[in-house]
Amino acid sequence: MSEPGALRLRLDRLVREVAKFGVVGGLGVGVNLGVFNLVRHVTELPVVRASVIATVVAILFNYVGFRYFTYRDRDKSGRTKELALFLLFSVIGMVIENGVLYTATYGFGWDTPLQSNFFKFFGIGVATLFRFWSYRTWVFRALPAKEAVQTAESFLEQAPRQATRKQPDRV
């Protein structure tokens, strides 16, 4: 496969991956914000504790979505390691997400329901950048063999075309 064709293929795969990540992540944001607001309205928990509960529920929801939708074609051989890494990076994301909310609430006193939802959402956005990078790099790793096979297949597809072009004309 030509270099521009290979680049286009990789870019197409990345766009599909980002779209699938976005679908699961978008649903996860809905779960996160929904649980956050539900817990805030039916309990007397402080805002950050309610947020941590909502984030944990969203993490569980997202793992299922990422494993069985976004990254279903990725390596499944080390599920224990995968889950441990997913939880580790999710907890780091949770600290980022709730750190933003904590700073807004307790650092600046912005704790109305609208402000809390805004900073919760903003924190989710910041943490999502970290999560996307860490999940695709460390948790749901691409199978090297699959990429090698695809590269070899594309090379073999190109070989017959190149061979027919390079044959000298016989008289």
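Per-chain numbering applies: the sequence of each chain, read as written, is numbered from 1 onward. Given that the model is predicted, a residue must reach a pLDDT of at least 70 before its local features are reported, and side-chain atom pairs must reach 80 or more before they are shown or counted; all residues, however, enter totals for whole chains, interfaces and linings. Only hydrogens and water are removed before side-chain values are computed, so all heavy atoms of the structure are retained for them.

Peer 1: Sorry if this is basic, but what is going on with the nonpolar core here?
Peer 2: Most often, soluble globular proteins have nonpolar side chains that are buried together. Core analysis: the largest hydrophobic core is formed by 13 residues, its most contacted members being F21, F66, Y71, F86, Y135, V139 and F140. For helices the rule is a DSSP run of H or I covering at least 4 residues; for strands it is a run of E covering at least 2, with both sets numbered from the N terminus onward. Within the residue set of this core, elements represented by two or more residues are α1 (3–42), α2 (47–70), α3 (79–107) and α4 (113–139). Contacts are assigned to residue pairs with any non-hydrogen atoms lying within 4.5 Å of each other. Here F66 is in contact with F21, V24, G25, Y71, R72, F86, Y135 and F140, once residues within four sequence places are set aside. To form a nonpolar core, buried Ala, Val, Leu, Ile, Met, Phe, Trp, Tyr and Cys residues must be joined to one another through side-chain atoms within 4.5 Å. For the exposure calls, accessible area comes from a 1.4 Å probe over protein chains only, and a residue counts as buried if that area is under 20% of its type's maximum, exposed if over 50%, partly exposed in between. V39, V48, A104 and F119 belong to the second-largest nonpolar core, a separate cluster that totals 11 residues.

Peer 1: Where do I start with the packing of α3 against α4 in this structure?
Peer 2: What describes two packed helices is the angle between their axes and the distance between those same axes. Across the interface, α3 lies against α4 with an axial gap of 8 Å and an inter-helix angle of 155°. Taken as axis vectors, α3 and α4 run roughly antiparallel relative to one another. Note that α3 runs across α4; the crossing there is right-handed. Put simply, Ala, Val, Leu, Ile, Met, Phe, Trp, Tyr, Cys and Pro go in the nonpolar bin, Asp, Glu, Lys and Arg in the charged bin, and everything else, Gly too, in the polar bin. Here the residues of the contact of α3 with α4 are counted per class, giving 18 nonpolar, 6 polar and 4 charged. In this description, a line fitted to the C-alpha atoms serves as the axis of each element, helices being fitted only across the stretch in contact, and the angle between N-to-C directions of two axes falls anywhere from 0 to 180 degrees. By definition in this entry, angles of less than 35 degrees are roughly parallel, angles greater than 145 are roughly antiparallel, angles of 65 to 115 are roughly perpendicular, and the rest are oblique. Take the far helix as your reference; a near helix turned counterclockwise from it by less than a right angle gives a left-handed crossing, and one turned clockwise gives a right-handed crossing.

Everything listed here is a matter of geometry and, on its own, says nothing about what the molecule does.
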